[in-house]
Structure formats: structure tokens, C-alpha cells
Amino acid sequence: MEHIIEAKEIKPETIKKIFALADSFERRHSTPLKGKIMAALFFEPSTRTRFSFESAMLRLGGSVISSDNARELMSTTKGETIEDTMRMISNYADVAVIRHYEVGAVKRASSVATIPVINAGDGPGEHPTQALLDLYTMKRELGKIDGLHIAFMGDLKNGRTVRSLSYLLGNYKDVKVSLVSPSGLKVGDDIKEYLAAHGVSYEEMEKIDPIIGAIDVLYQTRIQKERFVSEEEYLKYKGVYVISRKDADAMKDGAIIMHPFPRVDEIDPDVDSSPHAAYFKQPRYGVLVRMALLAYLLK
Ligand code: NCD
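For clarity, every value in this text was computed on a predicted model and none was experimentally measured. (Residues numbered from 1 in each chain as written. Predicted model: local features only at pLDDT ≥ 70, side-chain atom pairs only at ≥ 80, totals over all residues. Heavy atoms only, no water.)

Trainee: Whenever I open this one, the site of the ligand confuses me. Can you help?
Mentor: Near the ligand you find R48, T49, R99, H127, Q130, R160, T161, R222, Q224, P260, F261 and P262, and these make up its full shell. R160 places a polar side-chain atom, nitrogen or oxygen, 2.8 Å from an oxygen atom of the ligand. Taking F261, its main chain carries an N or O atom lying 2.9 Å from a nitrogen atom of the ligand. When the free accessible area of the ligand is taken as 310 Å², the share hidden by the protein chains comes to 94%. Its atoms largely coinciding with the cavity grid, the ligand occupies the largest pocket. Among the secondary structure elements, those contributing two or more residues to the shell around the ligand are α2 (48–59) and α7 (160–169). When grouped by side-chain class, the residues that make up the shell around the ligand number three nonpolar, five polar and four charged. (Near = heavy atom within 4 Å. Polar contact = N/O pair within 3.5 Å; in protein donor to acceptor, adjacent residues only side chain to side chain. Areas by Shrake-Rupley, 256 points an atom, 1.4 Å probe, with all protein chains shown as cover. 1 Å grid on protein atoms, 1.4 Å probe; cavity = no way out; pocket = protein on both sides within 12 Å on 5 of 7 lines; lining within 4 Å. Sits in = over half its atoms within 2 Å of the grid points. Helix = DSSP H or I, 4+ residues; strand = E, 2+ residues; numbered from the N terminus. Nonpolar A, V, L, I, M, F, W, Y, C, P; charged D, E, K, R; others polar.)

Trainee: Just to check I follow, could you spell out the sheet that holds strand β2 (residues 63–67) for this structure?
Mentor: Across a sheet, paired strands are connected by hydrogen bonds in the backbone, their directions being either parallel or antiparallel. What the four strands build is an open sheet, ordered β2-β1-β3-β4; its pairing is parallel. The outermost strands of the open sheet, each flanked by one partner alone, are β2 and β4 (117–122). Across the sheet, the mean angle separating the axes of adjacent strands is 15 degrees when strand polarity is ignored. (Pairing = 2+ DSSP bridges. Axes fitted to C-alpha atoms, helices over the stretch in contact; angles between N-to-C directions.)

Trainee: Could you clarify how one ought to interpret the environment of G62 in this entry?
Mentor: For G62, the location among the structural elements is in the loop between α2 and β2. Counting along the chain gives 58 residues from G62 to I4, while the straight-line C-alpha distance between them is 19 Å. Those residues within four positions of G62 in sequence are excluded, and the remaining contacts are L33, K34, K36 and M57. (Contact = heavy atoms within 4.5 Å.)

Trainee: Is there a simple way to explain the pairing of strand β1 (residues 37–42) in this structure?
Mentor: For a regular strand, the rule is simple: side chains alternate between the two faces of the sheet. Counting buried positions along β1 gives five out of six residues, so the element sits mostly inside the fold. Relative to β2, β1 runs parallel, the two being bridged by five bridges. Bridge pairing in β2 links M38 to V64. Chirality of the crossover, the property in question, places the unit of β1, α2 and β2 among those that are right-handed. (Buried < 20%, exposed > 50% of the residue type's maximum accessible area, 1.4 Å probe, protein only. Right-handed = clockwise from strand over helix to strand, strands pointing away.)

Trainee: Could you clarify how one ought to interpret helix α5 (residues 105–112) in this entry?
Mentor: Note: α-helices contain 3.6 residues per turn, so residues at a spacing of three or four share the same orientation. For α5, the complete set of buried residues consists of A105, V106, A109 and S110. End-on, the buried residues of α5 take up no more than an arc of 140 degrees, which puts them together on one face. In this structure, the buried residues of α5 make contact with α4 (82–92), β3 (95–100) and β4. (Arc of directions from axis to C-beta.)

Trainee: Teacher, can you tell me more about the packing of aromatic side chains here?
Mentor: How two aromatic rings sit relative to each other is set out by the distance from centre to centre and by the angle between their planes. The final tally for this structure, using the stated rule, is nine aromatic pairs. Here the aromatic residues F19, Y136 and Y285 are joined through ring pairs into a cluster of three or more. One residue, R71, lies across the ring of Y101, its end atom 3.6 Å from the ring centre. The ring of Y296 has K299 lying over it, and the distance from NZ or CZ to the ring centre is 4.3 Å. (Phe/Tyr/Trp six-rings, centres within 6.5 Å; stacked < 30°, edge-to-face > 60°. Lys NZ or Arg CZ within 6 Å of the ring centre and 35° of its normal.)

Trainee: What is the right way to look at the side chain of T137 in this model?
Mentor: Topologically, T137 is positioned in helix α6 (residues 128–142). Once you skip the residues sitting within four places of it in the chain, T137 turns out to touch L142, M258, Q282 and Y285.

Trainee: Which parts of the structure should I look at to understand the sheet that holds strand β5 (residues 149–153)?
Mentor: Ordered by their spatial adjacency, five strands build an open sheet running β7-β6-β5-β8-β9, and the pairing between neighbours is parallel. Each edge of the sheet is formed by a strand with only one pairing partner; in this case those strands are β7 (201–205) and β9 (256–258). Each strand axis lies, on average, 20 degrees off the axis of its neighbour in the sheet, ignoring direction. By the bridge criterion, five bridges tie strand β6 (residues 176–180) to β7 in an arrangement that is parallel. By the bridge assignment, K176 is partnered in β7 with S201.

Below is the structure:
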């Protein structure tokens, strides 16, 4: 039985299979998961990711049981461990999608699970399915991953989507990553070491301007308010990077702007009509990728 917990464990062959399945689901409607149940357990609020998974399961003919407020509603408040919660859910569903506020909690759940478990985000840890859909977006919009120059911008310290996507990029050739963040929100050394060890060249910088005309992808992220110790600390960084229409217009032909959403103020709405804006296409690719993942895990 396979789980999807950490992006760095996902093999290149698996990525290929998932992308091929995603392509096929776009072409034809089928309901291979009829009679199967997906449990969505969210211990941290989310509408986007949970709806995306639920939509994917329903489109495949499956059914869904779901809790958006598991932290308060589930017995965790009574002191139940994630392991016990998982043992229970294993009897109710055929696959579990879990988001948790603690790094490593979903992995612990998977260690006792008798059904496949998908990590839908564990605190500032990982978000492997977002990374897969981000990668799929790049492949669909740019035709390839090898050789791309990608700029990650924003809260690279706390953003889990950038961590997971960096791991996946380690599978491709000649990828260049520019890490654009304030000095207090730099990506962790573990990610930089991983990139270096996997042949991805990277540079760190505080401003996007010198490279805006050279990059293929501008991956903008939200300052992760919920990870800051205080409102005051957050306000130091709120609004540090706002992509303007002028920035978008300075990008080369075919280059794209992505964002995992939700956006707060980091992309000006004037950018939405730019030919470079790809962030409203990501959710559609996301459902296809999550359909592919569910079908793959439930075979
Ligand atoms: C991301 C997340 O939850 O990490 N969003 C998402 O999955 N839709 C990014 C974010 O919250 O900024």
C-alpha cells in the first residue's frame, strides 16, 4: 500500500503515471471509483484543497465523508492521538486525505493506517499534492520542466508548497531556481542542500527586478500569517512583494505567474488579465491531478 506523504519520496515513474492519468481524465469522463469512500480530515482550515479533493473524488464516481474543523470536532480535543483517529477512519473509508497543523502528524497517521493516506499539508512541513499540481501546471503551460528558470518569491521560510515543489524539481535536468525573499524569511538550509545535491542550481536574492525578464515561472507565495509568533512580527513582512502589472509586462513571452492561493495582497488584481497570469488555471489542473492521485492509490 502506498501513501503520499513527502514529495521527495515520490518517484519520477510515479509522477509520470499520475500526469498521464491526469491527461486521460481531461479527455474522457469515467467513474472508476464508484463505491469507494474518501475521508477528508482537516485539522487546519482549508476550503480550496478540501473542495479540490472532494470534487476529484465525486468526479470519479466515489463518495466523500469530510470534516473541515477536525481540530475542534474530533476527539483530539479530548486528547485522542492522530494514530487512534487514523485507526478509526481506516474502517470508514478507502482513502484518507489529511491536513494537520503539526509537521509530521500525517506521517504518524500513515504509519498505523490500513488505507492509503494523502498529506494535504502538515503545518510548515510539506504539501506534496499542491507540488504535483504546480509541476503539472508548468508542464501543461510551458511544455516541459527540464531547463526551466523558476523564481520562488515571498515567505520561503514557512511556505510548505515551495518546500515540496523544490523536492520534485530535484528530478529534472538543468533547472534553475531563484529564491526571492526578505532575509528573515529565507528558505531552510535543508531545501538548499537538497537542491544542490540534486543538480538544481539556485541563488538567493531580495528583489525580483534583476531577473524578471529572464525567468520562465514566477511562483508567488503568501506571507504565512498563521506561522508568525505575533501580529507585529507578521506586519513587518505583509506587503513586501506585490506583483504589479508593470512587473508582469516585463516578463518574457510565454513566461507564467503562479500562486498556490489564497492570495492576500501579493498579486495586484490588474495582473489577472495579463497573458502571463496562470494562477486561475492551477485549480483546474489541481482537480485533474487529484483525480489521478486517487485513482492511482485506489488502483
Ligand atoms: C497553500 C497551503 O495551504 O499551504 N494553499 C493551498 O493549499 N491552497 C498555500 C497557502 O496557504 O499560502
